[in-house]
Amino acid sequence: MDAVIIVLVILVVLVFIALIKTIQVIQQASAAIVERFGRYTRTLNAGLNIVVPFIDTIRNRIDLREQVVPFPPQPVITQDNLVVNIDTVIYYQVTDARAATYEVSNFIQAIEQLTVTTLRNIIGGMDLERTLTSREEINAALRGVLDEATGKWGIRVNRVELKAIEPPTSIQDSMEKQMRADRDKRAAILQAEGVRQSEILQAEGAKQSEILRAEGDAKAAALRAEGEAQAIRTVFEAIHAGDADQKLLSYQYVQMLPKIAEGSANKLWIVPSEIGEALKGLGGSLGKLAAPDGGGDGGGAAPAPGRDTSPPKLDKPAGPPPPRLT
């Protein structure tokens with residue numbers, strides 16, 4: 001009786017295990033490779049799947065989602081014989097679970113090695129400066145090579161990114177010095193341009209100021225000349241309107257003589273020849289005014305006969321003769 005119970009228990013356990021192996025649940029975005037006696041049979045998709053227990057086995061479960069794999073820094077030699085360390089990141093997706101299982105033993109390792117070799121070939125044809133400034137070009141070239149090589153493995157490489165490019169420390173120091181020198185140069189150029197522009201603006205301002213001042217002086221001189229001309233014209237018209245005779249003009253001429261001699265620097269001045277005629281006419285006018293009407297005693301004494309009643313002539317002061325103009 002005990003032996004029967006043991007057999008029944010064993011059978012129940014075997015049936016339970018068989019049921020477990022028969023029903024296979026595959027997660028979403030996953031696939032499973034089924035082998036029968038070591039040979040590929042089919043690929044299980046997401047959901048509930050039935051397999052033959054103890055005959056069909058699950059070889060591999062593959063995630064069909066896009067995967068991100070960072071690779072460690074790899075030393076790469078540039079065209080100008082400089083060693084740089086480059087970190088890469090690969091975005092890939094399994095499109096064929098069967099090919100990814102049977103076409104390559106370890107597709108992650110295969111992608112890493114292919115990335116390293118392709119990267120060395122690409123960087124080997126570039127110098128350091130181009131390497132640092134051509135990330136997009138390197139990414140596109142690397143992705144093209146990887147996508148073509150991994151296509152038969154059932155893998156699609158979506159993106160390849162260069163995470164970091166690290167040149168040697170000495171090169172970094174030299175690049176920093178060069179960048180600092182370039183910044184100083186640009187700053188000096190900008191400062192010189194600012195000073196130049198400032199001087200140009202100041203010169204333009206001074207020029208405009210001089211032009212405006214000259215125009216103002218010219219207009220003022222023109223207005224003064226016009227005023228003087230108008231004054232002379234008015235005086236001339238007043239003289240002609242008053243019908244001034246020679247006696248009045250002689251008197252005015254004599255009144256102007258003291259003003260001519262004013263000033264401590266006027267040591268020598270020349271009397272014009274017309275002054276005698278002016279004084280003669282003025283003296284005759286004054287003599288007639290002083291003579292009494294009818295010859296009475298109330299007037300001044302008559303001049304002695306033979307006496308010259310004309311005003312005395314002013315002698316020219318002694319001095320060197322004026323220079324002759326040749």
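Structure first, text after, so check above.
Residues numbered from 1 in each chain as written. Predicted model: local features only at pLDDT ≥ 70, side-chain atom pairs only at ≥ 80, totals over all residues. Heavy atoms only, no water.

> Lay out the pattern of salt bridges in plain terms, naming residues and giving numbers.
Taken as a whole and judged by the stated rule, the model has seven salt bridges. Between Arg65 and Asp63 there is a salt bridge; the shortest N-O distance is 2.7 Å. Arg65 gets classed as exposed once you look at its relative accessible area, which sits at 52%. Salt-bridge contacts for Glu161 lead to Arg159; the nearest nitrogen and oxygen are separated by 2.2 Å. Note on Glu161: relative accessible area 23%, which makes it partly exposed. (Salt bridge = Lys/Arg side-chain N within 4 Å of Asp/Glu carboxyl O. Buried < 20%, exposed > 50% of the residue type's maximum accessible area, 1.4 Å probe, protein only.)

> I'd love a proper account of the packing of aromatic side chains, names of residues and values included.
For the coordinates displayed, the defined rule picks out two aromatic pairs. When the centroid spacing of 5.8 Å and the interplanar angle of 75° are considered together, the rings of Tyr40 and Tyr102 count as edge-to-face. Here Tyr40 is found in strand E3 (residues 39-44), whereas its partner Tyr102 is found in helix H2 (residues 97-102), with 62 residues between them in sequence. Using a relative accessible area of 28% as the deciding quantity, one classes Tyr40 as partly exposed. Judged by its relative accessible area of 32%, Tyr102 falls in the partly exposed class. Ring geometry for Tyr92 versus Phe107: centroids 5.9 Å apart, planes at 70°, classification edge-to-face. With a gap of 15 residues between them, Tyr92 in strand E7 (residues 83-94) and Phe107 in helix H3 (residues 107-123) connect regions that are remote in the sequence. Residue class for Phe107 comes out buried when judged on its relative accessible area of 17%. Seen from the ring of Tyr40, Arg98 lies directly overhead, with NZ or CZ sitting 5.3 Å from the centre. (Phe/Tyr/Trp six-rings, centres within 6.5 Å; stacked < 30°, edge-to-face > 60°. Helix = DSSP H or I, 4+ residues; strand = E, 2+ residues; numbered from the N terminus. Lys NZ or Arg CZ within 6 Å of the ring centre and 35° of its normal.)

> Lay out the packing of H3 against helix H5 (residues 135-150) with the relevant residues and their values.
Packing of H3 against H5 brings their axes to within 10 Å, and their N-to-C directions diverge by 140°. Considering the angle they form, H3 stands oblique to H5. Judged by the sense of rotation from one axis to the other, the crossing of H3 with H5 is right-handed. Along the contact surface, H3 presents Ile111, Leu114, Thr115, Thr118, Leu119, Ile122 and Ile123, while H5 presents Ile138, Ala141, Leu142, Val145, Leu146, Ala149 and Thr150. Residues of the contact of H3 with H5, tallied by class, amount to eleven nonpolar, three polar and no charged. (Axes fitted to C-alpha atoms, helices over the stretch in contact; angles between N-to-C directions. Parallel < 35°, antiparallel > 145°, perpendicular 65-115°, else oblique. Left-handed = near helix turned anticlockwise from the far one by under 90°. Contact = heavy atoms within 4.5 Å. Nonpolar A, V, L, I, M, F, W, Y, C, P; charged D, E, K, R; others polar.)

> Just give me the short version of H3, but keep the residues and values in it.
In this model H3 runs 24 Å from its N-terminal to its C-terminal C-alpha over 17 residues, within 8% of the 24 Å that 1.5 Å per residue would give. Among the residues making up H3, those that are buried are Phe107, Ala110, Ile111, Leu114, Thr115, Val116, Thr118, Leu119, Ile122 and Ile123. Packed against the buried residues of H3 are strand E6 (67-77), E7, H2, helix H4 (128-133), H5 and strand E8 (155-166). (Expected span 1.5 Å × (residues − 1).)

> An account of the nonpolar core is needed here, citing residue identities and associated values.
Counting 33 residues, the largest nonpolar core has Ile86, Ile90, Tyr92, Phe107, Ile111 and Leu119 as its most contacted members. Residue assignment for this core shows that the elements contributing at least two residues are strand E2 (30-36), E6, E7, H2, H3, H5 and E8. At seven residues, the largest contribution of residues to this core is made by H3. When neighbours within four sequence positions are excluded, Tyr92 is seen to be in contact with Arg65, Glu66, Gln67, Val69, Phe107, Ile108, Ile111, Ile155, Arg156, Val157 and Asn158. (Core = buried A, V, L, I, M, F, W, Y, C linked by side-chain atoms within 4.5 Å.)

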